[in-house]
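Residue-level structure breakdown
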Amino acid sequence: MGLGVMQRFSYGLFVLTAREGEKENGCIINTAMQVTANPNCISVAVNKQNYTHDMILRTGRLAVSIISEEADFALFTRFGFQSGREVNKFEGFSDVKRTADGLLAVTAGTNAYVSAKVVTTQDLGTHTLFIAEVTEMEELSDAPSATYAFYHTSIKPQPEKKSSQTETKQTVWRCKICGYEYVGDTLPEDYICPLCKHPASDFEKVE
Ligand code: FE
């Protein structure tokens, strides 16, 4: 059925942030875009498994920081490969700006941010689609916005060529999202990447 077709859509990359009381949190998404100019509204689709999702649902506020080509992999490991349920993702992280709505925008490895108020919510099953009206926005740098494709070619660490087989000739499965490698002849169907939490379907057998 040509699943590769869906990978030919271009996607940006964003740090989606929320605040609930004293709790600050954020996650990496590739599903934000402007949908109307007047009023200035964006759409954001968020996987329900993200703690940020629940915070936005409860508070009706979100901020989107647009990741640029100058972002380093650490930004992705910090906001993408751990859960805000277990850690404070902003701990020891000072590249932030407080928006007028009281949210934290990320100011390093990003080229702009918007702060927005949710006006419509649509349940999509695995995800919730938020339509939000922009209340504040600012340009931060002239660096080009990073695409999902750019992340894969230029930000994610490239695995070493020799890793297709270990010394004992075992098969290696590599996570297409973060590069994590699983060693074993078969990858369990219910396997979840320990780094980025993506499912087995996002792993590929390394040739
Ligand atoms: Fe992964």
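The shown structure was predicted, so the numbers you read here are calculated from the model rather than taken from an experiment.

A few points about the pairing of strand 1 (residues 14-20)
- Burial within strand 1 is extensive, with 5 of its 7 residues counted as buried.
- Of the strand pairs in this sheet, strand 1 and strand 2 (residues 23-29) are connected by 7 bridges, and their pairing is antiparallel. The partner of Phe14 across the bridge, within strand 2, is Ile29.
- In this antiparallel pair of consecutive strands, strand 1 and strand 2, the connection spans 2 residues, and Gly21 shows a positive phi of 65°.

Side note on the side chain of His53
- Relative to the helices and strands, His53 resides in helix 1 (residues 51-59).
- For His53, a relative accessible area of 3% corresponds to the buried category.
- In this structure the side chain of His53 is engaged in a polar contact, spanning 2.9 Å, whose partner is the side chain of Asp54.
- Beyond its immediate sequence surroundings of up to four residues, His53 is in contact with Val46, Asn47, Lys48, Thr128 and Phe130.

What to know about the packing of aromatic side chains
- What the rule picks out here adds up to 9 aromatic pairs.
- A centroid spacing of 6.4 Å and a plane angle of 80° characterise the contact between Tyr11 and Tyr148, whose relative ring orientation is edge-to-face. Pair noted here: Tyr11 is in the segment before strand 1 and Tyr148 is in helix 3 (residues 148-155), with a separation of 137 residues, a long-range link.
- Tyr148 sits in the partly exposed class, given a relative accessible area of 24%.
- Measuring from centroid to centroid gives 5.2 Å for Phe79 and Phe90, while their planes differ by 65°, and the two rings are edge-to-face.

A few points about the sheet that holds strand 11 (residues 181-183)
- With respect to topology, 3 strands assemble into an open sheet ordered 11-10-12, the strand pairing being antiparallel. Pairing within the sheet leaves two strands with one partner each, and these edge strands are strand 11 and strand 12 (203-205). For this sheet, the mean angle separating the axes of adjacent strands, direction not counted, is 30°.
- Note that strand 10 (residues 172-175) and strand 11 share 3 bridges and pair antiparallel. Among the inter-strand pairings, Arg174 is bridged to a residue of strand 11, identified as Glu181.

Describing the environment of Ser68
- Mapped onto the fold, Ser68 is located in the loop between strand 5 (61-67) and helix 2 (73-80).
- When its relative accessible area of 1% is taken as the criterion, Ser68 is described as buried.
- A C-alpha to C-alpha distance of 5.6 Å links Ser68 and Asn111, two positions 43 residues apart in sequence.
- Excluding residues within four positions of it along the chain, Ser68 makes contact with Gly109, Thr110, Asn111, Ala143, Pro144, Ser145 and Ala146.

Comments concerning the side chain of Thr99
- Following the sequence through the fold, Thr99 ends up in the loop between strand 6 (96-98) and strand 7 (104-106).
- For Thr99, a relative accessible area of 3% translates into the label buried.

Topic: the pairing of strand 9 (residues 127-139)
- Where strand 4 (residues 41-47) meets strand 9, 7 bridges bridge the pair, whose relative direction is antiparallel. If you follow Asn47 over to strand 9, its bridge partner there is His127.
- As defined by bridge partners, strand 8 (residues 110-123) adjoins strand 9 across 11 bridges and the pair is classed as antiparallel. Paired with Val118 across the bridge in strand 9 is Ala132.
- What sits between strand 8 and strand 9 in their antiparallel hairpin is a turn of 3 residues, with Gly125 showing a positive phi close to 90°.

Parameters and conventions
The numbers attached to residues start from 1 for each chain and follow its sequence in the written order. Totals for whole chains, interfaces and linings use every residue, but because this is a predicted model, local features are given only for residues with pLDDT of at least 70 and side-chain atom pairs only at 80 or more, for both listing and counting. Side-chain metrics rest on all non-hydrogen atoms present in the structure, leaving aside hydrogens and water. With a 1.4 Å probe rolled over the protein chains alone, any residue whose accessible area is under 20% of its type maximum counts as buried; one over 50% counts as exposed, and the rest are partly exposed. Strands are runs of DSSP state E lasting at least 2 residues, helices are runs of H or I lasting at least 4, and numbering of each runs from the N terminus. Think of it this way: DSSP has to see at least two bridges between two strands before they count as a pair. Throughout this description, a polar contact denotes any pair of N or O atoms lying within 3.5 Å of each other; where both atoms belong to protein, one of them has to be capable of donating a hydrogen while the other can accept it, and for residues adjacent in sequence the pair is counted only when both atoms sit in side chains. Note on definitions: a residue-residue contact is assigned when non-hydrogen atoms from the two residues lie within 4.5 Å. The pairing test for Phe, Tyr and Trp rings, Trp by its six-membered ring, is centres within 6.5 Å, and the orientation test on the planes gives stacked under 30 degrees, edge-to-face over 60, and tilted for anything in between. Note on geometry: axes are lines fitted to C-alpha atoms, helical ones only across the stretch in contact, with angles between N-to-C directions running from 0 to 180 degrees.

Read these as layout, nothing more, since geometry by itself doesn't imply function.
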